Amino acid sequence: MPAPITEEQTRLDRAALLDAAEALFYAHGIQAVGMDRVREASGLPLKRIYRLFATKEDLVVAVLRRRDRRWRESLTAHVEGVRDPRERVLAVFDWLAGWFAEPGFRGCAWINAFGELGSSSEPVLAEVRSHKQAFHDQLAAWVRATGVPVAEPVFLLAEGAVVTAGLSGDPSPAAHARTAVASLLGSGGTR
C-alpha cells in the first residue's frame with residue numbers, strides 16, 4: 001500500500017498543477033487545453049489532478065483566483081511605493097505598461113476567461129467579476145486620495161488600455177491612457 005500523501009506534498013502538487021494550468025490556459029486558451037495536456041505539463045497523474053480539483057472548471061477558478069492575488073499584490077507594491085497621490089494613480093499606468101511589454105503578454109486573463117466561458121460558467125463569471133471589482137475598488141481608493149472625482153473614467157481608461165494592448169500586442173495604450181488620466185487629474189486642480 002502506498003504511503004499517504006502528506007499535506008506538504010499536496011501543497012506542492014497543487015502549486016505545480018496551478019503553475020502548469022495557468023501557463024497553458026493563458027498561452028493557448030482554456031478550451032483549447034485538454035486535461036491530458038495539463039497532466040503532461042504538471043507531471044501529475046489525472047487521478048491526482050481530479051483529487052485536487054474535481055472539475056476543469058474548479059481548476060480554472062483556482063487559477064484565476066491565485067492569479068488575481070499575485071496580480072493585485074504586484075500592482076499594489078508598485079503603486080504604494082509612490083508618495084504623491086496624483087503620481088500614485090499615474091504609477092498604475094506605468095505598471096500596466098511594464099505588464100503589457102512582458103514576453104508572452106496575451107491580454108487580461110479574466111477577460112480571456114470571460115470570453116471563453118463567461119456565458120456558460122457561473123463560477124468563472126463570478127471570479128472574473130470579483131477580480132474586476134477588486135481592481136476597481138483599489139483604483140478608486142487611489143483616485144479618491146487625489147481629491148479629484150474621476151474614479152470611473154480612470155478605471156475605464158485602465159480597462160480600455162488592458163483590452164487594447166491585449167488585442168494589438170502593443171504596450172502603448174498604457175502611455176496613452178496615462179496621458180488622459182494626467183489630464184483628468186490635472187483638471188481638478190491638484191498636482
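Enquirer: Give a detailed account of the packing of helix 4 (residues 56-80) against helix 7 (residues 122-144), specifying residues and quantitative values.
Expert: It is the contact of helix 4 with helix 7, at a shortest axis distance of 9 Å, that shows an interaxial angle of 10°. By the angle class used here, helix 4 and helix 7 are roughly parallel. Here Glu57, Val60, Val61, Leu64, Arg65, Asp68, Trp71, Arg72, Leu75, Thr76, Val79 and Glu80 of helix 4 come into contact with helix 7, specifically with Pro123, Val124, Glu127, Val128, His131, Ala134, Phe135, Gln138 and Trp142. Split by residue class, the contact of helix 4 with helix 7 holds 12 nonpolar, 3 polar and 6 charged.

Enquirer: Could you give an account of the side chain of lysine 132, naming the residues involved and the relevant values?
Expert: For lysine 132, the position within the fold is in helix 7. A relative accessible area of 14% means that lysine 132 is categorised as buried. At 2.8 Å, the side chain of lysine 132 forms a polar contact with the side chain of glutamate 159. If near-sequence neighbours (up to four positions away) are discounted, lysine 132 is found in contact with Cys108, Trp110, Ile111, Phe155 and Glu159.

Enquirer: Before we move on, can you summarise the side chain of glutamate 127 with the specific residues and values?
Expert: Within the secondary structure, glutamate 127 is located in helix 7. In this structure glutamate 127 comes out as buried when scored by relative accessible area, which is 8%. Residues in contact with glutamate 127, not counting those within four places in the same chain, are Val61, Leu64, Arg65 and Trp110.

Enquirer: How would you explain the layout of surface pockets if you had to name every residue and give the values?
Expert: Taken as a whole, the largest pocket encloses approximately 220 Å³ of empty space. If you trace the largest pocket, you find it lined by Glu22, Tyr26, Arg67, Arg70, Trp71, Ser74, Trp95, Trp99, Glu102, Pro103, Gly104 and Phe105. Of all the secondary structure elements, the ones that give two or more residues to the lining of the largest pocket are helix 1 (7-28), helix 4 and helix 5 (85-100). Of the residues forming the lining of the largest pocket, the biggest block, 4 residues, is contributed by helix 4. Along the lines of polarity and charge, the residues of the lining of the largest pocket split into 6 nonpolar, 2 polar and 4 charged.

Enquirer: Can you break down the pattern of salt bridges residue by residue, with the values?
Expert: Scanning all chains against the criterion turns up 14 salt bridges. Arginine 67 is the salt-bridge partner of glutamate 22, the closest N and O atoms lying 2.7 Å from each other. With glutamate 22 in helix 1 and arginine 67 in helix 4, this residue pair connects regions lying 45 residues apart in the sequence. Taken individually, glutamate 22 and arginine 67 each receive the classification buried, so the pair is uniform in this respect. Between arginine 65 and glutamate 127 there is a salt bridge, with its nearest N and O atoms 2.8 Å apart. Remark: glutamate 127 occurs in helix 7 and arginine 65 occurs in helix 4; sequence separation between them is 62 residues. One continuous salt-bridge network, built from bridges that share partners, spans Asp19, Glu22, Arg66, Arg67 and Arg70.

What counts, and where the lines are drawn
Residues numbered from 1 in each chain as written. Predicted model: local features only at pLDDT ≥ 70, side-chain atom pairs only at ≥ 80, totals over all residues. Heavy atoms only, no water. Axes fitted to C-alpha atoms, helices over the stretch in contact; angles between N-to-C directions. Helix = DSSP H or I, 4+ residues; strand = E, 2+ residues; numbered from the N terminus. Parallel < 35°, antiparallel > 145°, perpendicular 65-115°, else oblique. Contact = heavy atoms within 4.5 Å. Nonpolar A, V, L, I, M, F, W, Y, C, P; charged D, E, K, R; others polar. Buried < 20%, exposed > 50% of the residue type's maximum accessible area, 1.4 Å probe, protein only. Polar contact = N/O pair within 3.5 Å; in protein donor to acceptor, adjacent residues only side chain to side chain. 1 Å grid on protein atoms, 1.4 Å probe; cavity = no way out; pocket = protein on both sides within 12 Å on 5 of 7 lines; lining within 4 Å. Points joined across faces, edges and corners; volume = space filled by probe spheres on them. Salt bridge = Lys/Arg side-chain N within 4 Å of Asp/Glu carboxyl O.

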